[in-house]
There are 2 protein chains.
Amino acid sequence: MSRLPEYLRALHALADAGHETVSSEGLANAAGVNSAKLRKDLSHLGSYGTRGVGYDVALLIDQIESVLGLTQCRAVALVGVGNLGHALAGYDGFASRGFRIAALLDADRSRVGEQINGLVVRHVDELSRVVAEESISIGVIATPAPAAQAVADELVAVGVTSILNFAPCVLSVPDGVDVRKVDLAIELQILSFHEHRKASLTALPATGGPGLAALPGGLAATDTQEAIGT
Amino acid sequence: MSRLPEYLRALHALADAGHETVSSEGLANAAGVNSAKLRKDLSHLGSYGTRGVGYDVALLIDQIESVLGLTQCRAVALVGVGNLGHALAGYDGFASRGFRIAALLDADRSRVGEQINGLVVRHVDELSRVVAEESISIGVIATPAPAAQAVADELVAVGVTSILNFAPCVLSVPDGVDVRKVDLAIELQILSFHEHRKASLTALPATGGPGLAALPGGLAATDTQEAIGT
DNA sequence: AGGCGCTTGTGAAGAGGTGCACAAATCGCG
DNA sequence: CGCGATTTGTGCACCTCTTCACAAGCGCCT
Ligand SMILES: NC(=O)c1ccc[n+]([C@@H]2O[C@H](COP(=O)([O-])OP(=O)(O)OC[C@H]3O[C@@H](n4cnc5c(N)ncnc54)[C@H](O)[C@@H]3O)[C@@H](O)[C@H]2O)c1
Ligand SMILES: NC(=O)c1ccc[n+]([C@@H]2O[C@H](COP(=O)([O-])OP(=O)(O)OC[C@H]3O[C@@H](n4cnc5c(N)ncnc54)[C@H](O)[C@@H]3O)[C@@H](O)[C@H]2O)c1
């Protein structure tokens, strides 16, 4: 489930706050989900709660980290050390979440050799060697969109089977390779859609615009993420 | 639907490539979705295709932009001009997607006054004035997690009803305010989960680990995003 | 030791998304 | 003008995910 990482983050926060155990209700609040959904999720990985008490925070953290394969740090290769790549490379919050940026790669030779956060930028030609040396298991693409597919192909060719893509384009990869995409413009556009919907609802309860604003079919807000009330 | 922005991006790419019309199959391929799903999505906003021909690219772009409320540029305020904030502020790809970063705000007075991409960083105390001056409709939070809730409260207080949150925490907001979260560590952890699953499947067809790797319930890959084959 | 309150785990119902398959519609061409 | 090729729009079945509601289990207090 894609909610496990969210639970994990909430559990770490609870552990830091000194909680030994947590009820499904408490953890659900901290993670922003329904408590029944959370219990069902946790039951899928083998039910480690105690009725009447709740879940042992430390034990549950171990459980989830084991399921997610975070028992040891995973090495990540970052391809494209530009605007966004610099921010990612300079971010120190990945280590506590189980990841280590182990390599920085770029095609621009004028960037090669630059040091960021103690890591030196290497040329993308060295990808194969770097992946082997550092046991890279995940590749992050932060290049412009036109280069993203080529970079993905190279990553796949050297054996990387998980890719996080920041370029606004769809990647074609063979079966067995997982790709996740982060497109900030899409997130903004979804918010814009909600803004637009809210504006036309408050301003025009009946169809009042030039005919296009009010949708006939309904088109309710059917996104993945949701906001919870106060 | 949250897929509309993806369609829009694919349509712009097709328009740049000179296509006048596109079939549902072609657009579905470019957007990485099923063609039936795409047709059903488009039919929800009023069916503007011609049978036997396909969809008019320019018309469909106008349609989707109208639905998303992108007919005019939306002004965005970015709060927290640190590591990540700099990358976002320096990114010029938002303008072509319908957004304009109209304000940079930070609590650190030593950052106030700094210029990025022609924009001056202002103190977060000026949030109220800036939001009114620039007709801000969306707020982006790129502060550390402990400050995110306070910033969100301030944004809501000055009338912002859509928030994009990069801090790894859940935000509580009143009803009517939309929040979307981007957590890169969560994306990496989902990839890690798939890596872990692939590894245990290839190495141990039957239960062979210390009992925790192989999940009893099944726990198939049930994420939002998916990879398509070549 | 027994009862009581609290919490988990889960069955079942409901809702919504997905994809197939096909009828309806349009264009181009003879 | 008529026909075939092509593509849209959609009814329908399937399936997953979500949520409610409640029995079973556990600890604590008396
Ligand atoms: N900067 C942001 O805030 C932001 C926001 C949303 C999306 N994005 C996307 O992220 C990607 C990167 O954005 P950016 O602002 O960092 O761009 P950028 O131009 O600053 O950096 C791109 C880097 O990739 C390198 N590169 C180009 N081709 C390469 C190749 N074939 N192999 C390896 N490296 C290569 C370039 O040398 C450059 O250093 C883009 O696709 C952009 O659309 C960025
Ligand atoms: N940098 C990354 O690549 C990256 C990756 C994933 C997540 N994040 C998250 O993004 C957020 C920002 O990361 P960063 O690396 O830019 O951190 P950063 O420390 O470099 O920048 C944070 C900025 O926010 C400002 N700030 C702090 N409190 C504020 C307040 N109350 N109001 C306004 N501004 C305030 C600080 O002055 C600073 O300039 C963090 O929550 C981080 O976890 C960053």
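Everything below is about the structure printed above this text.
Residues numbered from 1 in each chain as written. Chains lettered and ligands numbered in written order. Predicted model: local features only at pLDDT ≥ 70, side-chain atom pairs only at ≥ 80, totals over all residues. Heavy atoms only, no water.

Before going further, it helps to spend a moment on the overall build of chain A. What chain A contains, in helices and strands, is eight helices and ten strands. Considering chain A as a whole, with its 230 residues, one finds that 48% of them fall into the buried category. Restricting to contacts in chain A with at least 6 residues of sequence separation, those with at least 24 account for 54%. Surface summary for chain A: the accessible area is close to 10400 Å², and the carbon and sulfur share equals 52%. (Helix = DSSP H or I, 4+ residues; strand = E, 2+ residues; numbered from the N terminus. Buried < 20%, exposed > 50% of the residue type's maximum accessible area, 1.4 Å probe, protein only. Contact = heavy atoms within 4.5 Å. Areas by Shrake-Rupley, 256 points an atom, 1.4 Å probe, with all protein chains shown as cover.)

Turning next to the site of ligand 1. Taken together, the neighbourhood of ligand 1 is formed by 23 residues, with L84(A), D106(A), R111(A), T143(A) and Y91(B) sitting nearest. Surrounding ligand 1 are residues belonging to chains A and B, so the site spans chains. Separating an oxygen atom of ligand 1 from a backbone N or O atom of L84(A) is a distance of 2.7 Å. A distance of 2.6 Å is found between an oxygen atom of ligand 1 and a side-chain nitrogen or oxygen belonging to Y91(B). (Near = heavy atom within 4 Å. Polar contact = N/O pair within 3.5 Å; in protein donor to acceptor, adjacent residues only side chain to side chain.)

To continue, consider helix α3 (residues 35–44) of chain B. Since one α-helical turn is 3.6 residues long, residues separated by three or four positions face the same way. All names here are of chain B. Among the residues of α3, S35, L38, D41 and L42 are the ones counted as buried. Each buried residue of α3 lies within a common arc of 120° when the element is viewed along its axis, so the set occupies one face. Tucked into the core, α3 has its buried residues touching α1 (4–16), α2 (24–31), β3 (54–56) and α4 (57–68). In this structure N34 caps α3, since a side-chain oxygen of it lies 2.7 Å from the backbone nitrogen of A36. Two residues or fewer after α3 comes G46, characterised by a positive phi angle close to 110°. (Arc of directions from axis to C-beta.)

Our focus in this paragraph is the interface of chain A and chain B. Every contact between the two is made by 78 residues of chain A and, on the other side, 78 residues of chain B. At the junction of chain A and chain B, the tally comes to eight salt bridges. Taking the shortest distance from any N to any O, the salt bridge between K198(B) and D178(A) comes out at 3.0 Å. Our enumeration of links across chain A and chain B arrives at 32 residue pairs in polar contact (both at pLDDT 80 or more). For the side of chain A that touches chain B, the elements supplying multiple residues, two or more each, are α1 (4–16), α2 (24–31), α4 (57–68), α5 (83–89), β8 (136–141), β9 (162–165), β10 (178–181) and α8 (184–203) of chain A. Take the side of chain A that touches chain B: its biggest share by element is 14 residues, from α8(A). Residues belonging to the side of chain A that touches chain B are distributed by class as follows: 42 nonpolar, 23 polar and 13 charged. (Salt bridge = Lys/Arg side-chain N within 4 Å of Asp/Glu carboxyl O. Nonpolar A, V, L, I, M, F, W, Y, C, P; charged D, E, K, R; others polar.)

A few words now on the site of ligand 2. Looking at ligand 2, there are 23 residues lining it, with Y91(A), N83(B), L84(B), D106(B) and T143(B) nearest. The residues that come close to ligand 2 belong to more than one chain, namely chains A and B. One of the backbone N or O atoms of A87(A) is found 3.1 Å from an oxygen atom in ligand 2. Contact with the protein chains hides 82% of the accessible area of ligand 2, taken as 820 Å² for the molecule alone. Those elements that provide at least two residues to the shell around ligand 2 are α5 of chain A together with α5 (83–89) and α7 (145–157) of chain B. Here the shell around ligand 2 is composed, by residue class, of 16 nonpolar, four polar and three charged.

Here we come to the packing of aromatic side chains. Residues and elements named next belong to chain A. Per the stated rule, a full pass over the model turns up two aromatic pairs over all chains. For the ring pair Y91 and F94, a centre distance of 4.8 Å and an interplane angle of 90° mean the geometry is edge-to-face. Looking at F94, the relative accessible area reads 6%, which means it is buried. (Phe/Tyr/Trp six-rings, centres within 6.5 Å; stacked < 30°, edge-to-face > 60°.)

The next thing to look at is the packing of α2(A) against helix α3 (residues 35–44) of chain A. Residues and elements named next belong to chain A. Between α2 and α3, the shortest axis-to-axis distance is 8 Å and the interhelical angle comes to 105°. Relative to α3, α2 is oriented roughly perpendicular. The residues of α3 that touch α2, namely those facing S24, E25, L27 and A28, are S35, L38 and R39. Residue composition of the contact of α2 with α3, by class: three nonpolar, two polar and two charged. (Axes fitted to C-alpha atoms, helices over the stretch in contact; angles between N-to-C directions. Parallel < 35°, antiparallel > 145°, perpendicular 65-115°, else oblique.)

A few words on the relation of the copies chain A and chain B. With an RMSD of 0.1 Å, chain A superimposes on chain B once it is rotated by 180° and translated 0.0 Å along the axis. The superposition of one copy onto the other is thereby described by a two-fold rotation axis. Considering only C-alpha atoms, the part of chain A nearest the rotation axis is A87(A), at 3.2 Å. Both copies present the same face, since 100% of the interface residues in chain A are matched by interface residues at the equivalent positions in chain B. (Least-squares fit on C-alpha atoms with pLDDT ≥ 70 in both.)

Before going further, it helps to spend a moment on the side chain of K181(A). Structurally, K181(A) is set in strand β10. Engagement of the side chain of K181(A) in a polar contact is seen with the side chain of E6(B), the distance being 2.4 Å. If we skip the residues at most four places from it in the chain, K181(A) touches N165(A), A167(A), C169(A), I186(A), E6(B) and Q225(B).

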